[in-house]
Amino acid sequence: MFKKILFATSATEASDHAARVAFNMALNYKAHISIFHVMGVPTRGFSQVVLDVKTREEVVLDDEYVAWVEEEVKTYYAKQLETAENFDIKVAIGFPHREILREARQSRPDLIVLGGSTGEPEESVYKRGMVGSTLQRVAKAAPCPVLVVNRPAASFWGGMSNIVFGTDFSKASDAAFEFACKFAKALGCEMHIFHALDISTMHMGRMLTQDEIETRIRESLRRIRGKYISKIKGEIQDYAFDVWEGVPYVEVVKYAREKHADLIVMAHHNRKTSEEDNRLGSNIEQVIVRAGCPVISVNKQVRN
Amino acid sequence: MPEGTLCNKKPIETEEALKTLLGDTGGKTYYEEMKSLDVDSELLWKTIQNTLKSRMKTWLEICAHCGMCADSCFLYLINDRDPKQVPAYKIQSTLGEIVKRQGKVDNDFMHMAMETAWAKCTCCNRCGMYCPHGIDIGIMFGYLRGLLYQQGFVPWELKIGAGMHRVYRAQMDVTDEDFVETFEWMVEEYEEDYPGLEVPVDMEGADIMYTVNAREVKHYPEDLAEAAILFHLAGESWTVPSSGWEQTSLAMFAGDWAACKMQVESVYAAMERLKPKRMVGTECGHAHRATVIEGPYWAGRSNGKPPAESIHYVEWLAEALREGKLRVDPAKRIKRPVTLQDSCNYIRNHGLKEITREIMSYIVEPGYFMDMAPNREHNYCCGGGGGFNGIGLFRPQRNKALITKRDQILNSGADLVIAPCHNCWDAIRDLEEEYKIGIEWSFLKPLLISMVEIPEHLQIKE
């Protein structure tokens, strides 16, 4: 399932939860893990002077410094690397989202694991002068699924056995579904298919009546049966599905909590990266921020 | 004649030499070696005799030392009106002195001249506008830099920059393959959002041949995607050359005349090969100056023009908006106090001041555009022009120089600065980092992408 994992990390506490998941997966699935750290953002000239993301100081780059950072990363993950069998460490210079995507384009990983947010845009060296977060930008354009861990993944110690697939019935969701199925089959997981009926936004300027809500829930259940269940029957043993009404991201998080999910899979098809979207976030971004388990975002048909 | 292993009179010709020089962190050894670098006075004087023509001889002669240029120089003003920062003094005490002494100057003198040429003048050419005799000191400093480069007295970063052009025909280590690959990658990333988006490489006879700044390829390739998207939406027939795509010239900042020629000739060769109707360069000031204004002379073109009509990105954009090839959604125009950075290299030096303001009239809601004072051809340099941005040795002087622009922006009342020039963009970003005045800065392309209407036939079909 996962032969190559690209773990993009700030090598700080912000990435610790992601690190645990990434190294565990590599161990469990005997995958090669590439620890990728964007060490600094170029400030001028031909990238010789970079703003070090950890010290926040301007440093003049040379081989020695790069080697030192590599060593730092290695030290930071010393414990995890004791058990890692197949890994490499790479450091790069540039804007993180771009360099992560560049690396992914070259090494073609099966999964990108992203570290958590390094803080507010105005504080973070990474985000200076760029609109949208690293996550948004990577998730939008990644050639493979992107796994994000934002909160302590408490349940994640012994592998993944319980997946929630959240759908809005879009084309992008089809790709996410395909991935979720593959994942569930390969790892023998339980699969929970879930749709949230969005009642947060006004429908043509008015509130929905309870009858309308229930009618729509029934419609959505029918759609799930037609679109997804028919495809997994006989392939995945344990599955369930449900539709709840509410604010979609809240409902997804609640549902995942109730089902003791250890993974949420959703499509990422928010094409915008503007500041307002960044603040409010699309549903998946809100799910990532709030969920108690790792979230995988899929944006397109995954290459085999 | 002690020549250093890193600091010497030889230009960088190979990738290996480039890497060796880059490996000298911050130019530590390089500058150490420079302290004992000999001046080849004979070569210096011979070069002057061959290249110092009547225009500059006259300028040096007729300068009346009236001091009218003093107040025009932002570096004079920001450095407490230090008499040593008066433009006329700066050039007379360096180039003037070398000529007077027929090249017989020593190492200390060359160090002083190097600091003057790169840390006390950004070649913004503002003083030239205020000189009653029309003496253009910026041009003379450009010339002086050439003499200094030839003798090996050039800031470390610029020696490397010029070497990059010699080795890669680009200001960074970006190969032709990297360029094409990156452009195609960007188009792949955006083609779902813009059906039919493509990057035509080496298409002959296109209306537009687009050239860029290697920084875009290396660090923010989104800029390439944005250029492609805007050409696509405007329905342009355009192409990029697989070689000769780099429009900039750090060689010009360094004073490496031979590399300047090599660089523009690669772009002109692409024009000759692809025969586009026009060349459009990216949002860069010095690149335009190098390739469009000065380049033809470096390349010895008798008509003083590039092989194809060459325009700046702002000229193309203004035209596209004027003719309705691109339409701005009025609801999405900028509705916050916004100002515009006039890039010396194509505003003062190429008269495009009204073109950029025409663009503002299309993209900014009336009432929100706040011009800096002074503006247009009287505008001050961003503070980092002429290579100043990139030189570590002169960083403190550069940071001080940014104060002029900082205060101009603050006085304008704007919190968004549109800077259609890479160098200005960098300087404004740096001034925000250095002084934290709470502004944002942007090129034109991303702003346009956020507000142009997508023609029906190019919209995503559900």
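Within each chain, residues carry numbers counting from 1 in the order of the written sequence. Whichever chain is written first is A, and whichever ligand is written first is 1; the rest continue in order. Totals for whole chains, interfaces and linings use all residues, but because this is a predicted model, local features are given only for residues with pLDDT of at least 70 and pairs of side-chain atoms are given and counted only at 80 or more.

### Concerning the overall build of chain B
Counting its secondary structure elements, chain B contains 21 helices and 7 strands. Relative to the compact-globule value of 23 Å for 462 residues, chain B shows a C-alpha radius of gyration of 22 Å, a close match. Each of the 462 residues in chain B was classed as buried or not, and the buried ones make up 52%. We count a stretch as a helix when DSSP gives it H or I for four or more residues in a row; a strand needs E for two or more, and each element gets its number in order from the N terminus. Note on method: radius of gyration uses C-alpha positions; expected globular size equals 2.2 Å times residues raised to 0.38. The burial label depends on the number of other C-beta atoms within 10 Å of a residue's C-beta. Counts of 20 or more mean buried, 12 or fewer mean exposed, and intermediate counts mean partly exposed, with C-beta atoms placed from the backbone.

### Topic: the interface of chain A and chain B
Contacts between chain A and chain B engage 16 residues on the former and 21 residues on the latter. Mapped by element, the contributors of at least two residues to the side of chain A that touches chain B are β2 (32-44) and α4 (96-107) of chain A. A per-class count over the side of chain A that touches chain B returns 6 nonpolar, 4 polar and 6 charged. With C-beta atoms placed from the backbone, a contact is any residue pair whose C-beta atoms sit within 7 Å. Each residue is assigned to one class: nonpolar for Ala, Val, Leu, Ile, Met, Phe, Trp, Tyr, Cys and Pro, charged for Asp, Glu, Lys and Arg, and polar for all the others, Gly among them.

### Here's the deal with the pairing of strand β8 (residues 162-166) of chain A
All names here are of chain A. In terms of residue burial, β8 counts as a mostly covered element, since 4 of its 5 residues are buried. Only strands joined by at least two bridges in the DSSP assignment are considered to pair. Judged from the 3 bridges that link them, β8 and strand β11 (residues 263-267) form a sheet pairing that is parallel. In the sheet register, Val164 faces β11, and the bridge partner there is Ile264.

### Things to note about the nonpolar core
In these notes, a nonpolar core means any group of buried Ala, Val, Leu, Ile, Met, Phe, Trp, Tyr and Cys residues linked to one another through C-beta atoms within 7 Å. Residues B:Met140, B:Leu144, B:Leu148, B:Ala228 and B:Leu317 are the most contacted members of the largest nonpolar core, which totals 144 residues. If we skip the residues at most four places from it in the chain, B:Met140 touches B:Met56, B:Trp59, B:Ile91 and B:Leu95. One finds A:Ile100, A:Leu114, A:Phe165 and A:Val298 within the second-largest nonpolar core, a separate group that totals 78 residues.

### A word on the sheet that holds strand β5 (residues 338-340) of chain B
All names here are of chain B. Strand order in the open sheet formed by 3 strands is β5-β6-β7, and the pairing between neighbours is parallel. In the strand order of this sheet, the two ends are held by β5 and β7 (440-442), each with one partner. Between one strand axis and the next, the sheet turns by 25° as a mean value, whatever way the strands run. In this structure, strand β6 (residues 416-418) lies alongside β7, joined through 3 bridges in parallel fashion. Of the residues in β7, the one forming a bridge with Ile418 is Ser442. Axis lines are fitted to C-alpha atoms, over the contacting stretch for helices. Their N-to-C directions set the angle, which ranges from 0 to 180 degrees.

### A closer look at the domain arrangement of chain B
Residues and elements named next belong to chain B. Note that the domain bounds reflect an automated or database-derived domain assignment. Under the domain assignment used here, chain B contains domain 1 (39-154), domain 2 (171-311) and domain 3 (329-449). Between the C-alpha centres of domain 1 and domain 2 there is a distance of 32 Å. Counting from both sides, the interface comprises 5 residues of domain 1 and, opposite them, 4 residues of domain 2. Residues belonging to the side of domain 1 that touches domain 2 are distributed by class as follows: 3 nonpolar, 1 polar and 1 charged.

### Some thoughts on helix α19 (residues 395-412) of chain B
Residues and elements named next belong to chain B. In a helix, the anticipated span is given by 1.5 Å times the number of residues less one. For α19, with 18 residues, the first-to-last C-alpha span of 26 Å sits near the 26 Å given by 1.5 Å per residue. Within α19 the residues assigned to the buried category are Arg398, Ala401, Leu402, Lys405, Gln408, Ile409 and Ser412. Buried positions along α19 lie against α5 (74-78), β5, β6 and α20 (422-435). Once α19 ends, the next one or two residues include Gly413, with phi positive near 85°.

### Some remarks on the confidence of the model for chain A
Residues and elements named next belong to chain A. Values of pLDDT, the confidence the predictor places in each residue, fall between 0 and 100. Summary statistics for chain A give a mean pLDDT of 81 and a share of 82% for residues scoring 70 or more. Within chain A, strand β1 (residues 4-8) carries the highest mean pLDDT (95), whereas helix α9 (residues 275-280) carries the lowest (41). Every residue in residues 125-131 is under pLDDT 50, and counting partners more than four places away or in other chains gives 17 contacts. Within the model, pLDDT remains below 50 along residues 272-281, and this stretch shows 14 contacts once partners closer than five positions in the same chain are excluded.

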